[in-house]
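# Examining the three-dimensional arrangement
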Number of protein chains: 2
Amino acid sequence: MPKKISTKRVLELLADPEFQLIASESPWAFQDELDAVNAYLIAITPKTPAHLRAAAKPTSIVGRSVPRLGDPARLTGQAIFSSDVQLPGMLYAAVLGSPHAHATIESIDTSAAEALPGVRAVITYKNVPKVSLGGPPPQYILGQEVHFAGEEVAVVAADDIHTARDAIALITVQYKVLPSVTDPEAALASGAPDLQGGGKGNKLAASYPLTKRGSYDSAYAAAPVTVEGRYTTQTLQHATLEPRNAVAHWEGPDQLTVYAGTQYIMGVRAELATTFKLPRSHVRVIAPHVGGGFGDKSSSARHGRFAAVLAQMTQRPVKVEYTRPANFKAATHRYATVVDFKAGADRSGKISAYRAEAISDSGAYSAFSLTDVMVSIARLYHVDNAYFQQLGTLTNRGPSGFQRCVGNPQGTFAQEVFMDELAEKAGVDPLAFRLMNVETKVNQDAAMPADLENAFGGAGEAGGAVQRKLPWASCGIVECLQKGAQSIGWTQKWHKPAAAIKGNKAHGIGLSAHACAHGSMTMPMTAMMKIDQDGSLDVIQPTTDIGGGQSTTMMMIGAETVGVDLEEAHPSWGDSAFTPDSSGTNGSRQTISAGSAVLEAGLDLKWQILQQAARPLPPKNAPMLPGKPEDLDTGGGFVFVKADPSKKVRIADVVASTGGPMMGRGAHTIPRNYGMSTFAAGFAEVEVDLDTGEVTLLSYVGANDVGKAVNPLGVEQQMDGAISMSFGMALGEEMKFDPQQKFPVMWNWENYAMPTTLDHPKIADFRTIIVEPGDAVGPYGAKGVGEPPTSPPAPAIANAVYNAIGVRIRDLPITRDKVLAAIAQMKK
Amino acid sequence: MPKKISTKRVLELLADPEFQLIASESPWAFQDELDAVNAYLIAITPKTPAHLRAAAKPTSIVGRSVPRLGDPARLTGQAIFSSDVQLPGMLYAAVLGSPHAHATIESIDTSAAEALPGVRAVITYKNVPKVSLGGPPPQYILGQEVHFAGEEVAVVAADDIHTARDAIALITVQYKVLPSVTDPEAALASGAPDLQGGGKGNKLAASYPLTKRGSYDSAYAAAPVTVEGRYTTQTLQHATLEPRNAVAHWEGPDQLTVYAGTQYIMGVRAELATTFKLPRSHVRVIAPHVGGGFGDKSSSARHGRFAAVLAQMTQRPVKVEYTRPANFKAATHRYATVVDFKAGADRSGKISAYRAEAISDSGAYSAFSLTDVMVSIARLYHVDNAYFQQLGTLTNRGPSGFQRCVGNPQGTFAQEVFMDELAEKAGVDPLAFRLMNVETKVNQDAAMPADLENAFGGAGEAGGAVQRKLPWASCGIVECLQKGAQSIGWTQKWHKPAAAIKGNKAHGIGLSAHACAHGSMTMPMTAMMKIDQDGSLDVIQPTTDIGGGQSTTMMMIGAETVGVDLEEAHPSWGDSAFTPDSSGTNGSRQTISAGSAVLEAGLDLKWQILQQAARPLPPKNAPMLPGKPEDLDTGGGFVFVKADPSKKVRIADVVASTGGPMMGRGAHTIPRNYGMSTFAAGFAEVEVDLDTGEVTLLSYVGANDVGKAVNPLGVEQQMDGAISMSFGMALGEEMKFDPQQKFPVMWNWENYAMPTTLDHPKIADFRTIIVEPGDAVGPYGAKGVGEPPTSPPAPAIANAVYNAIGVRIRDLPITRDKVLAAIAQMKK
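Read on for a plain summary of the structure. Here the residue index of a chain counts from 1 through its sequence in written order. Both sets of labels track the order of writing: A upward for chains, 1 upward for ligands. Residue-level local features of this predicted model are given only where pLDDT is at least 70; pairs of side-chain atoms are given and counted only at 80 or more, and the full residue set underlies all totals for whole chains, interfaces and linings. In computing side-chain values, all of the structure's heavy atoms are included and hydrogens and water are not.

### So, the overall build of chain A
Convention followed: The way it works is that DSSP assigns letters per residue, a run of H or I at least four long becomes a helix, a run of E at least two long becomes a strand, and they are numbered from the N terminus. All radius of gyration figures rest on C-alpha atoms, and the globule criterion is 2.2 Å times the number of residues raised to 0.38. Each residue is assigned to one of three classes by its accessible area relative to the maximum for its type, calculated with a 1.4 Å probe on protein chains only: buried under 20%, partly exposed between the two thresholds, exposed over 50%. Only the protein chains shown count as covering a residue, and every accessible area follows the Shrake-Rupley method with a 1.4 Å probe. In this tally, Asp and Glu contribute negative charge and Lys and Arg positive charge; neither His nor the terminal groups of the chain are included. The atoms used to mark charge sites are NZ of Lys, CZ of Arg, CG of Asp and CD of Glu.
Of the regular secondary structure elements, chain A holds 23 helices and 31 strands. Here chain A has a C-alpha radius of gyration of 28 Å; the compact-globule value for 828 residues is 28 Å, and the two agree. Its C-alpha atoms give chain A principal-axis dimensions of about 90 × 75 × 55 Å. The buried share of chain A, taken over its 828 residues, is 65%. For chain A, the accessible surface area stands at approximately 27200 Å², while carbon and sulfur atoms represent 52% of it. Charge centroids of chain A, computed over 74 positive and 82 negative side chains, lie 3 Å from each other.

Below is the structure:
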């Protein structure tokens, strides 16, 4: 019996980015809500001419490998980042951070700082607007209580950065130090430090309820094969090359411009509009080139507000740029997790019961209120009886957040090591185990939006009931596993654990599988474009380009759809005063969400071009081309007659004949009751030095189902980057905290060890495989790719290490210490 | 018998900005072409829902006085101009100008400059691309032949401006000096210096043929009253507060960004695309605040190319900024003119025959190939028998161009002093003379675009013949004259010439009338907008805002049309990567051209909002408001039911219910075979000191027909500025040239005397009158105002001086020398 979901509730859900993300991750837990939202969205889907949408197939552009547009500029130093922005009279800000992990400010004296010549303003919690930035605990632009070591306490704006830093040293603060905790389980124990105050406890419930399917308890009890285990992951820093920064500039009392390295200019604009009680149109956010985001730059966070508040106070532009140590401490981090699994399988290895309980370390402030390590877990395998629960807990580790995915790399690590254990217990090869258990049900009918109106059973635009067409619109997991296995030589190389030791070197091979909703479609999806009288196309695309090739992809989709040569197109982006909105560049959503919008805008423009080419023109009432608009098509910069392509006219001439540029606008909505998922597999081959415990990565193969690669080179680059990032998660990176003082003991490049090229396999042994099953929902069949490749490496490597030495390491990172301890256990 | 105009020719005419300007100035000379172009445009007019367009009447926003948006920032120094742009690694350029008015470069040695540490590149004619920038004579980025003193010969880019200037001093040039001429009549005489080379002569024919009507010769011979006279105007400099400047920046080999103080970003983009053989979409032109244009900044001219070429050579950003003297010499100027008139009238004072022959000093290079001082002359008066001819001539005075109008202030000065003479000869009061002779025929049927399709006689979209509906869609000249006369007290104060002398002070009063096509509609006309989920509106408007309030006006039209509060709206402009196109901010065209496009984009958006508000939404198929979209309207941030405005919903909620921002696009075309004209009158009262010759301006009243003032405060500010500029033209400004060396002897503030506030009447005696007859063509009835107020002051003042002392001064400016000479003649 489906729940009643009112329109009001649908609109609330639509406005909630978490809902779209989470519900699409766990569709069976949110079926009623999804049905209601999707029915709503289908009802409001714009009516693009159906034949145009149906005919939108890749020809010469989509599928071509195109170098990312910004790369030459980034590599030569020509690229302008927000931290490069210099404005006349600009002030520079320095930030004072708390030395304590948890404290209240008893007194703060800024008079000496204010008296320093060149200092223009000092802000503390006493003189900034008390605007909530979320929580729990309540977070403000600056607060009287600090919840992590390094938390911002005061900010100085001065004529130059040196004066600002000198002034910081002149501020005296009396802290009352409070009890603190950085271990998530300790934070949940009774008697733990009271981080919210008022005895509310540190436990944070998930935003969405625990999820259940079938009857886990009885299925587990009946299972002939059972396994359980506990897995932990560490705190990691994004370590973006460009630290947090912003330049704020007021023009008059109600017009704010902020240059910011951000992943979502429209989101930052909305945040700042709220902070300053302005209409969003009065806030302009400009993101030139962005030096990496990975999830930390989704919000303007505090630094954007510091710049804007100080600029308002001083009536001068203000630049805030975090130092590397400050960025390590105050930027969001990938949260640590603890996951307990229990599962049962039948004798063939088929999973019959599956239970997972996760604790996420939400840190000092949860940037993302859901502790969602679990969201990835329910998706990959076909399980009839399941029980999943997740909790978050406050600690004093600094604010948690996204890091190249929400919680999937943590969850997939835990699940895929666990599944390896279950496969072994069932006596099944790890590859065969995955192939047997993965969910592959696909319903990829050729339905395009126009056809899908029939889903309403002919009862009118919004009538009738919607039939769910789950599970997936496309599923390439089997192909990912098979092609990856073939590439790495799985059947030749896999062996029993610890069965390939030569001297002091142990060889191992491991794999992992992954599925997530990242890379799927979320609202809003809007785009614009314009074509000039010379036939060149500005694709005014909604993504904030953070260096991942987003703009290149949008340019390709735009050129393909309108029918101009790629060389004639160029993307425009990064200025909220002009750009449409496709949500933030996170969730791997831009190729499909922004891409769908660009496709719609392109069709809107193309239709106008076809109409103009077929329009009778004075004085002879002769059109440029014979026939109706429907009889024409575009390509290669021409409009031509479909039945006789030799009859053609330049698009440039058609545009010029209107007397000006032509423009297209596109708003896309979810066109069907779809279930979209991205899939990935990873294969790692390692050599473990039994004397030193060093793990050498011999080869790695990543395979990703991306639906259709709009830009194969771009997809490969995203996969390379995502996989490389995870090598650090697997084998070394960790942001550790001093157990007494609770401050981070790793806060700069010299003590936070990210992998270098020397830690990678040789180029020939580091391979990516693009799997392209196509997809009925995405633009030209595409799905996203930014995050999904991040999840498989850590479990694949962990499983390879197990395969080498026969002892499980269930806690990331796999350091030499842990390996040596495991080897000692092996030798026992 | 109308001429046959082919579609091909129509498209050529459409692409020719001069045609639209000139043909609309002299419609009776171009009737066939206008008919063909207008028929074409009407055929392609987009079909906005007719009821919406018809209902677009001003309510609470259009007609409100709104301070210009940029003013607080400009007044406090917060405004960012292109010359404020600082980019990392930016180089600074200095320019070497020729010391000779006409010469060829025999040799140029830049080796010492190149060897100076810090110098990164030196360009001369030898190493820049040989791209034509127009002519005649042929103009290149840098040429081997120079045609005016100060013409650019070499440009150096260095690490700082001081090094660049030092390097300039190290360049040695051997010139072969050639004969030169700065007097336009001397340039036309036989034996004049050969400025084009090859003996082609210096005479430039007008782009469009001389114009004739009726039979001038016989009418003149028959006239009982005849007058003839010769009038001259001087060379003037725009003297924009911001001199010419540009910062160019390449990202990779095929992406150029230029920050420029310009009046037309899309035009500069097209120019630079041509120069560098790039698609326009690969050139981005950004104009932040612009420090005045007045016609000089219509093109990127040379300085933009210097910056781009040097940036390409050095692979670093390059800033070019002209010094004030360089700007005086190399920027375009208002050209000097010589006009000969003959006219006849009947005994009542009605003009029966009218002949004018004009020579314009086109200078070294004609920025505008038509020498069009005449275009204003044919418009104001009803004349059955006329003969107008105009010539241009090359001289060595530097490049000529627009200056707050094309040639109207020159032509109107000549005509309105001449008409004063004709009136006197006929024995008619100057006011009565104008009222008797001005053309006032109006055909202002209520036709709006949708209705006007009927103009094709029902023969389909492009069928039938077009009936001309000339002359004007609206005409406020009589009201301008009458209200202005009343304000200054014409009937009480006017007296016979030299009839109000007390002691050494002579009182005088004068008036003038004016009509021009500036402020009317030209292609292209395109605009976009977007409204965010909070209901705030970004009006992505096509004008390049040069400080005249263009963006404020567009914001008002956008907010009015969509129905949001003005405070929720904000204009976006000035970045060619995003903005639509409404041609340059010159020709006073933006209020009507861009305004019409913004209106269309607003209607496109409003229609979507109404449709969404009326759309049945799942699950109950209940719409937000009852009825069809046609039954709804917007206003004050709400959508409401027309029949019951208490039934309403916030626009913000409607937008949010689509899941994202909503966007509108608007392309406007000329909606009817219209004749549009703006009108103005000026009244000046002076006191002439008979001892010193000093003319004191006691009062000035300007009256302008603007159709409908979208922003009355903005209109008043435009009128104030335009009138003030002309006080300098009337009473003192002149760019003189050394008669031997032919170089300008006035090239900086200290020797080019612009009027200050001390030269103005007291505030209470400096009045502007806005005349609002409405107009069936313009958005909300508006016409333009930027230039038309510039023309009346000089002749009104000249006529007042005559009224004071009884001796005509026919040559501008009216300096003390000339006044003293006239007084001496008076006393004879």
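Back to the text.
### Side note on the pattern of salt bridges
Keep this limit in mind: For this document, the term salt bridge refers to a Lys or Arg side-chain nitrogen within 4 Å of an Asp or Glu carboxyl oxygen.
Under the defined criterion, the tally for this structure stands at 71 salt bridges over all chains. Between Arg767 of chain A and Asp765 of chain A there is a salt bridge, with its nearest N and O atoms 3.8 Å apart. On the accessibility criterion, Asp765 of chain A (24% relative accessible area) is partly exposed. Here Arg305 of chain B ties to Glu271 of chain B by a salt bridge, and the two come within 3.7 Å at their closest N and O atoms. With Arg305 of chain B in helix H11 (residues 301–314) and Glu271 of chain B in helix H10 (residues 265–275), the pair connects residues that are 34 residues apart, well separated along the chain.

### Considering H10 of chain B
Put simply, the rule reads: Should any heavy atoms of two residues lie within 4.5 Å, those residues are counted as being in contact.
H10 of chain B sits mainly inside the fold: 9 of its 11 residues count as buried. Regarding H10 of chain B, the residues found buried are Ile265, Met266, Gly267, Val268, Arg269, Ala270, Leu272, Ala273 and Thr275 of chain B. Of the surrounding elements, those touching the buried residues of H10 of chain B are strand S22 (526–531) and strand S23 (537–540) of chain A together with strand S12 (256–260), strand S13 (283–286) and H11 of chain B. Backbone geometry just after H10 of chain B places Lys277 of chain B at a positive phi near 55°.

### As for unusual backbone geometry
Cis geometry is adopted by the peptide bond preceding Pro813 of chain A, which originates at Leu812 of chain A and carries an omega value of -5°. Its location among the elements puts Pro813 of chain A in the loop between helix H22 (793–805) and helix H23 (816–827). In this structure, Phe294 of chain A takes a positive phi of about 60° despite not being glycine. Relative to the assigned elements, Phe294 of chain A resides in the loop between strand S13 (283–286) and helix H11 (301–314). By relative accessible area, which is 26% here, Phe294 of chain A ends up partly exposed. Of note, the phi angle at Gln315 of chain B is positive, near 55°, even though the residue is not glycine. Since its relative accessible area comes to 41%, Gln315 of chain B is described here as partly exposed.

### Quick notes on the interface of chain A and chain B
So the rule is basically this: The quantity reported as buried area is the accessible area (1.4 Å probe) lost by two parts once they are put together, taken as the sum for both. The classification used treats Ala, Val, Leu, Ile, Met, Phe, Trp, Tyr, Cys and Pro as nonpolar, Asp, Glu, Lys and Arg as charged, and all other residues, Gly among them, as polar.
Facing 81 residues of chain A, the contacting portion of chain B comprises 82 residues. Around 6400 Å² of area is buried between chain A and chain B when both sides are counted, 56% of it from carbon and sulfur atoms. By the criterion of area lost to chain B, the three top residues of chain A are Phe578, Met663 and Arg665 of chain A, representing 11% of everything that side buries. Counting the contacts that link chain A with chain B gives 8 salt bridges. Residues Asp604 of chain A and Arg665 of chain B are paired through a salt bridge, measuring 2.8 Å at the closest nitrogen-oxygen approach. Looking at the side of chain A that touches chain B element by element, the count peaks at 5 residues for strand S28 (residues 662–667) of chain A. The class makeup of the residues in the side of chain A that touches chain B is 36 nonpolar, 29 polar and 16 charged.

### Some details on the sheet that holds strand S10 (residues 236–237) of chain A
All names here are of chain A. The line we're drawing: Pairing between two strands requires that DSSP report at least two bridges joining them.
On the basis of which strands lie adjacent, the open sheet formed by 3 strands has the order S10-S15-S19 and mixed pairing. The outermost strands of the open sheet, each flanked by one partner alone, are S10 and strand S19 (400–401). Both S10 and strand S15 (residues 333–334) contribute to a ladder of 2 bridges, which runs antiparallel. The residue of S15 that forms the bridge with Gln237 is His333.

### So, the packing of helix H13 (residues 408–426) of chain A against H22 of chain A
All names here are of chain A. Condition: Orientation is described by axes fitted as lines to C-alpha atoms, over the contacting stretch for helices, and by angles from 0 to 180 degrees between their N-to-C directions. What makes a crossing left-handed is the near helix being turned counterclockwise from the far one by less than a right angle; a clockwise turn instead makes it right-handed.
Where H13 meets H22, the closest approach of the two axes is 8 Å, and the angle between their N-to-C directions is 35°. Considering only the axes of H13 and H22, their crossing is right-handed. Across from Thr412, Phe413, Glu416, Val417, Asp420 and Glu424 in H13, the residues of H22 making contact are Ala794, Pro795, Ala798, Asn799 and Tyr802. Split into classes, the residues belonging to the contact of H13 with H22 amount to 6 nonpolar, 2 polar and 3 charged.

### Topic: the sheet that holds strand S1 (residues 91–97) of chain B
In a beta sheet, neighbouring strands are held together by backbone hydrogen bonds and run either parallel or antiparallel to one another. Residue and element names in this part refer to chain B. Sheet architecture is open: 7 strands sit in the order S3-S5-S1-S14-S11-S12-S13, paired in mixed fashion. This sheet does not close on itself; its edge strands, each paired only once, are strand S3 (119–123) and S13. Strand after strand, the sheet turns through a mean of 20° between neighbouring axes, direction not considered. Both strand S11 (residues 245–250) and S12 contribute to a ladder of 5 bridges, which runs antiparallel.

### Comments concerning the nonpolar core
Note the following rule: To qualify as a nonpolar core, a set must consist of buried Ala, Val, Leu, Ile, Met, Phe, Trp, Tyr and Cys residues joined through side-chain atoms within 4.5 Å.
In terms of nonpolar packing, the biggest core is built from 87 residues, with Tyr354, Leu422, Phe683, Val686, Val688 and Ile805 of chain A touching the most fellow members. In contact with Phe683 of chain A, other than residues within four places in its own chain, are Cys480, Leu481, Gly484, Ala485, Ile488, Trp490, Gly510, Leu511, Ser699, Tyr700, Val701 and Ala796 of chain A. With 86 residues, the next largest nonpolar core counts Val225, Ala345, Val417 and Val428 of chain B among its residues.

### Regarding helix H16 (residues 477–488) of chain B
Residue and element names in this part refer to chain B. Applied cut-off: How far a helix is expected to stretch is found by multiplying one less than its residue total by 1.5 Å. What the arc describes is the spread of directions from the helix axis to the C-beta atoms.
For H16, with 12 residues, the first-to-last C-alpha span of 16 Å sits near the 16 Å given by 1.5 Å per residue. Residues Ile477, Cys480, Leu481, Gly484, Ala485 and Ile488 constitute the buried set of H16. Each buried residue of H16 sits inside an arc of 120° when the element is viewed along its axis, so together they form one side. As for H16, its buried residues are in contact with helix H14 (430–437), helix H17 (490–493), strand S21 (505–516), strand S29 (678–689), strand S30 (695–705) and strand S31 (766–771). Gly489, located one to two residues past H16, shows a positive phi value of around 80°.

### Details of the environment of Ala527 of chain B
When you line up the elements, Ala527 of chain B lands in strand S22 (residues 526–531). A relative accessible area of 0% places Ala527 of chain B in the buried class. Separated by 260 residues in sequence, Ala527 of chain B and Gly267 of chain B have C-alpha atoms that sit 16 Å apart. Setting aside chain neighbours within four positions, we find Ala527 of chain B in contact with Met663 of chain A together with Ile540, Pro542, Pro580, Ala597, Val598, Ala601, Gly664, Arg665 and Gly666 of chain B.

### Topic: the relation of the copies chain A and chain B
Formally: Copy-to-copy alignment: least squares on C-alpha atoms, limited to residues at pLDDT 70 or above in both.
Superposing chain A onto chain B takes a rotation of 180° combined with a translation of 0.0 Å along the rotation axis, leaving an RMSD of 0.1 Å. Put plainly, the chains are arranged around a two-fold axis. Among all C-alpha atoms of chain A, that of Gln86 of chain A lies closest to the rotation axis, at 2.9 Å.

### Overview of the packing of aromatic side chains
For the record, the criterion: Pairing of aromatic side chains here covers Phe, Tyr and the six-membered ring of Trp, requires ring centres within 6.5 Å, and sorts the geometry by plane angle: under 30 degrees stacked, over 60 edge-to-face, intermediate tilted.
This structure, assessed with the given rule, holds 31 aromatic pairs over all chains. Seen in terms of ring centroids, Phe578 of chain A and Phe578 of chain B are 4.7 Å apart; in terms of plane orientation they differ by 5°. Their pairing is stacked. Placement of Phe578 of chain A in the loop between strand S24 (569–572) and helix H19 (593–613) and of Phe578 of chain B in the loop between strand S24 (569–572) and helix H19 (590–613) is noted, with the two residues assigned to different chains. A residue is classified by how much of its surface remains accessible, and Phe578 of chain B, at 1% relative accessible area, is buried. Consider the rings of Phe148 of chain B and Tyr365 of chain B, whose centres lie 6.4 Å apart with planes at 85°: the pair is edge-to-face. Linking Phe148 of chain B in the loop between strand S4 (145–146) and strand S5 (152–158) with Tyr365 of chain B in the loop between strand S17 (351–363) and strand S18 (386–394), this pair joins segments that are 217 residues apart in sequence.

### Re the pairing of strand S21 (residues 505–516) of chain A
Residue and element names in this part refer to chain A. Of all 12 residues in S21, 11 are buried; the element is thus mostly enclosed. Pairing between strand S20 (residues 501–502) and S21: 2 bridges, direction antiparallel. Each residue of the ladder has a partner; that of Ile501, found in S21, is Ala506. Counted between consecutive antiparallel strands, the loop separating S20 from S21 contains 2 residues, among which Gly503 sits at a positive phi close to 60°. As judged from the 12 bridges shared by S21 and strand S29 (residues 678–689), these two strands associate in the antiparallel manner. When the bridges of S29 are listed, Ala506 appears paired with Val688.

### Remarks on the state of the cysteines
Cut-off, in case you're wondering: Criterion for a disulfide: a pair of cysteine sulfur atoms at a distance within 2.5 Å.
All told, the structure shown has 0 disulfides over all chains when counted by the stated rule. Take Cys480 of chain A: it sits in no disulfide, and the sulfur closest to it among the cysteines is that of Cys475 of chain A, at 8.4 Å.

### Describing the packing of helix H13 (residues 408–426) of chain B against H14 of chain B
All names here are of chain B. Spelled out, the test is: With respect to orientation, any angle under 35 degrees is reported as roughly parallel, any angle over 145 as roughly antiparallel, any angle of 65 to 115 as roughly perpendicular, and every other angle as oblique.
At a minimum axis distance of 9 Å, the contact between H13 and H14 shows a crossing angle of 105°. As far as their axial angle goes, H14 and H13 are roughly perpendicular. Contacts between H13 and H14 pair Glu416, Met419, Asp420, Leu422 and Ala423 from the former with Pro430, Phe433 and Arg434 from the latter. Here the contact of H13 with H14 is composed, by residue class, of 5 nonpolar, no polar and 3 charged.

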